[in-house]
Amino acid sequence: MSKKITITAAAALPLALLLAGCAGASADPGASGDAGSGEVVRIGVVGAGDPYWETYKEAAAAEGIEIELVDFSEYTQPNPALSADELDLNQFQHVIYLATYNVASSDDLQPIGATAIYPLGLYSSQYESVEDIPEGATVAVPNDESNQARGLLVLQSAGLIELKDGGSIFSTVADVEPSSKVKVEALDAALTATSLPDVAAAIINNDFVEDAGLSFEDAIAVDDPSDPNALPYINIFAARAEDADNPTYLKLVEIYQNTQEVLDGVQEASGGTAVFVDTAAEDLAASLTDVEEDIRATQ
């Protein structure tokens, strides 16, 4: 097993997400609903076929809350559906993705609870630790904007590179300072894993790790989900702003966070990568505001 270090995460652009879908109109439960009131809560998700969603529905039903899951196949659809009152909640995105949507759509959807964060890792087939990577070596990162900045920040936290002005959610390979220990090459996200024989190390998206014959434990560096700077990567339940204090919706967050069978199912579906968090909604909202301001500052 490779020697592994944990490093600090920093904000980056949203992960390349998927989903498109359908959602019919539903009655608006309003902000005054009480947990266990018998109302049906419509939640937009990705991959409703994952077994843990059925476990979650059963756990909610035991508390008197009926859930209807609305499955989507593209990540572009659940937020507009929520804004249009076709959903009551959605749970598919992290804070950065929501911030990007809010700014682009002049919307004000809000996070009401945390679920998990999925660390991004640096892998090598030649070196067992970051310290072993020689000066002047080449390290690969994904070339898509949603993962490139985060990957660069992982490399910076590992001491392999320095980024102009300390790096940001908009950092690119062009921002790598010439004085950095290693050179950085941007490749298609699907190719960073297959590049390992030719580079010292590579940032590999979670979706491609096991396909490349690697395990998540092989990472020689990962970003740290417990660090405050990792807040933008936390996946969330989102609601309309007027429903942010709805007790039924907040109860559903608690059920997700506190039902071990649900967490076990999420962990299995994630290939063991999920790191569960219960970050307070007000902290998530503050992170959302910060990221939105950063995005607007670049426009």
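### Description of a negative patch on the surface
No. 1: Side chains of Asp 207, Glu 210, Asp 211 and Glu 217 sit close together on the surface and give a patch of like negative charge.
No. 2: Topologically, Glu 217 is positioned in the loop between helix 5 (206-209) and strand 12 (221-224).

### A closer look at the pairing of strand 9 (residues 138-142)
No. 1: For strand 9, a buried count of 4 out of 5 residues is recorded, marking the element as mostly surrounded by other parts of the structure.
No. 2: In this structure, strand 9 lies alongside strand 10 (residues 183-187), joined through 5 bridges in parallel fashion. Pairing of Val 141 across the sheet is with Ala 186, part of strand 10.

### Focus: the pattern of salt bridges
No. 1: Under the counting rule described, the total for this entry stands at 6 salt bridges.
No. 2: The partner of Arg 42 in a salt bridge is Glu 68, and the shortest N-O contact between them spans 3.1 Å. With Arg 42 in strand 3 (residues 40-46) and Glu 68 in strand 4 (residues 66-74), this residue pair connects regions lying 26 residues apart in the sequence.
No. 3: Using a relative accessible area of 35% as the deciding quantity, one classes Glu 68 as partly exposed.
No. 4: Between Arg 240 and Glu 242 there is a salt bridge, with the nearest N and O atoms lying 3.7 Å from each other.
No. 5: Through salt bridges with shared partners, a single ionic network connects Asp 85, Arg 240, Glu 242 and Asp 243.

### Considering the nonpolar core
No. 1: The biggest cluster of nonpolar side chains holds 26 residues, and the ones touching the most others in it are Leu 87, Leu 98, Ile 234, Ile 236, Leu 284, Val 291 and Ile 295.
No. 2: Looking at this core, the elements that each hand over two or more residues are strand 4, helix 2 (78-83), helix 3 (95-105), strand 13 (235-239) and helix 8 (281-297).
No. 3: A total of 6 residues in this core trace back to one element, the largest contributor, which is helix 3.
No. 4: Counting 24 residues, the second-largest nonpolar core is a separate cluster that includes Ile 43, Ala 59, Leu 252 and Val 262.

### A word on the packing of helix 3 against helix 8
No. 1: Interhelical geometry of helix 3 versus helix 8 gives an angle of 55 degrees and a closest axis separation of 9 Å. Comparing their axes, helix 8 and helix 3 come out oblique. Once helix 3 is placed against helix 8, the crossing between them reads as right-handed. Listed contacts from helix 8 to Val 95, Ile 96, Leu 98, Ala 99, Thr 100, Asn 102 and Val 103 of helix 3 are Leu 284, Ser 287, Leu 288, Val 291, Glu 292, Ile 295 and Arg 296.
No. 2: Among the residues making up the contact of helix 3 with helix 8, the classes are represented as 9 nonpolar, 3 polar and 2 charged.

How each quantity is defined
Residues numbered from 1 in each chain as written. Predicted model: local features only at pLDDT ≥ 70, side-chain atom pairs only at ≥ 80, totals over all residues. Heavy atoms only, no water. Patch = residues over 30% accessible without salt bridge, like charges linked within 9 Å, V, L, I, M, F, W, Y side chains within 5 Å. Areas by Shrake-Rupley, 256 points an atom, 1.4 Å probe, with all protein chains shown as cover. Salt bridge = Lys/Arg side-chain N within 4 Å of Asp/Glu carboxyl O. Lys, Arg positive; Asp, Glu negative; His and termini not counted. Charge placed at Lys NZ, Arg CZ, Asp CG, Glu CD. Helix = DSSP H or I, 4+ residues; strand = E, 2+ residues; numbered from the N terminus. Buried < 20%, exposed > 50% of the residue type's maximum accessible area, 1.4 Å probe, protein only. Pairing = 2+ DSSP bridges. Core = buried A, V, L, I, M, F, W, Y, C linked by side-chain atoms within 4.5 Å. Axes fitted to C-alpha atoms, helices over the stretch in contact; angles between N-to-C directions. Parallel < 35°, antiparallel > 145°, perpendicular 65-115°, else oblique. Left-handed = near helix turned anticlockwise from the far one by under 90°. Contact = heavy atoms within 4.5 Å. Nonpolar A, V, L, I, M, F, W, Y, C, P; charged D, E, K, R; others polar.

Any link to function would need more than the numbers given here.
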